[in-house]
Amino acid sequence: MEKTFLMVKPDGVQRQLIGEIVGRFERKGLQLVGAKLMTIPVSLAEQHYGEHKGKPFYDDLVSFITSGPVFAMVWQGENVVELTRKMMGKTNPKDAEPGTIRGDYSMFVSKNIIHGSDSPESANREVALFFNENELVEYDKLINSWIY
Ligand code: DAT
Ligand code: MG
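Residues numbered from 1 in each chain as written. Chains lettered and ligands numbered in written order. Predicted model: local features only at pLDDT ≥ 70, side-chain atom pairs only at ≥ 80, totals over all residues. Heavy atoms only, no water.

Where an unreviewed UniProt entry is consulted, the protein appears under the name Nucleoside diphosphate kinase, with the organism given as Metabacillus litoralis. Under the UniProt heading Sequence similarities (unreviewed entry), the entry covering the protein gives this text: "Belongs to the NDK family." Quoted verbatim from the Subunit (unreviewed entry) field of UniProt, the annotation for the protein is "Homotetramer." (UniProt positions renumbered as here; feature names shortened; annotations may be inferred.)

Okay, structure coming up:
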């Protein structure tokens, strides 16, 4: 089953939106297979956001994501990467539709409260960056037979 890396950013944690965000993914029918509250070291932030190195917002992005605790998660489900990107909404909250996480809870591009992998390849990379194999839990959810 496909997995993705999702993370409530420091602004979402401070704004007490962890439960709201986890609840949306749970109610959709996705399965949580790993989660932890952590403060990201600068070296990990630089690896995670490596594709943005050199862009004007890169330094602020790295300081922001390391500025306080994040809630890092791995979720699984069919087409989970594409699905969760849709549920997050566009990167810039001014373009994110109401009904999406960013559309409902954020106002400003550099404080857009959630990260989600943008392809199955980046999902594999990001899951491996943030989680050890033994931190991911494989388990059966009986309710899945009412979802799939
Ligand atoms: P996403 O988080 O939707 O995958 P991204 O990978 O293009 O978006 O950018 C990573 C983060 O960087 C994004 O969530 C917020 C910040 N960011 C992107 N574009 C920005 C910009 N033009 N100004 C300030 N911050 C930006
Ligand atoms: Mg991205």
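Read on for the rest.
(A) Representation of the packing of helix α2 (residues 18-28) against helix α5 (residues 80-88) in the model. With their axes 12 Å apart at the nearest point, α2 and α5 run at an angle of 130 degrees to one another. When the axis of α2 is compared with that of α5, the two are oblique. For the pair α2 and α5, the crossing hand works out as right-handed. Two secondary-structure elements touch here, α2 through Arg24, Phe25 and Lys28 and α5 through Leu83, Thr84 and Met87. (Axes fitted to C-alpha atoms, helices over the stretch in contact; angles between N-to-C directions. Helix = DSSP H or I, 4+ residues; strand = E, 2+ residues; numbered from the N terminus. Parallel < 35°, antiparallel > 145°, perpendicular 65-115°, else oblique. Left-handed = near helix turned anticlockwise from the far one by under 90°. Contact = heavy atoms within 4.5 Å.)

(B) Representation of the UniProt feature "modified residue: Phosphothreonine" (unreviewed entry) in the protein in the model. Annotation from UniProt places "modified residue: Phosphothreonine" (unreviewed entry) at Thr91. Summarising the element assignment, Thr91 is placed in the loop between α5 and α6 (101-105). Not counting residues up to four positions away in its chain, the partners in contact with Thr91 are Arg85, Arg102, Val109 and Asn112.

(C) Representation of α2 within the structure. Those residues of α2 that fall on the buried side of the exposure criterion are Ile21, Val22, Gly23, Arg24 and Phe25. Elements that come into contact with the buried residues of α2 comprise β1 (3-8), β3 (70-76), α5, α6 and β4 (114-116). Just downstream of α2 lies Gly29, where phi reads positive at about 115 degrees. (Buried < 20%, exposed > 50% of the residue type's maximum accessible area, 1.4 Å probe, protein only.)

(D) Looking closely at the pairing of β1. Of all the 6 residues making up β1, 5 are buried; the element is thus mostly covered by neighbouring parts of the structure. Where β1 meets β4, 3 bridges bridge the pair, whose relative direction is antiparallel. Paired with Leu6 across the bridge in β4 is Gly116. (Pairing = 2+ DSSP bridges.)

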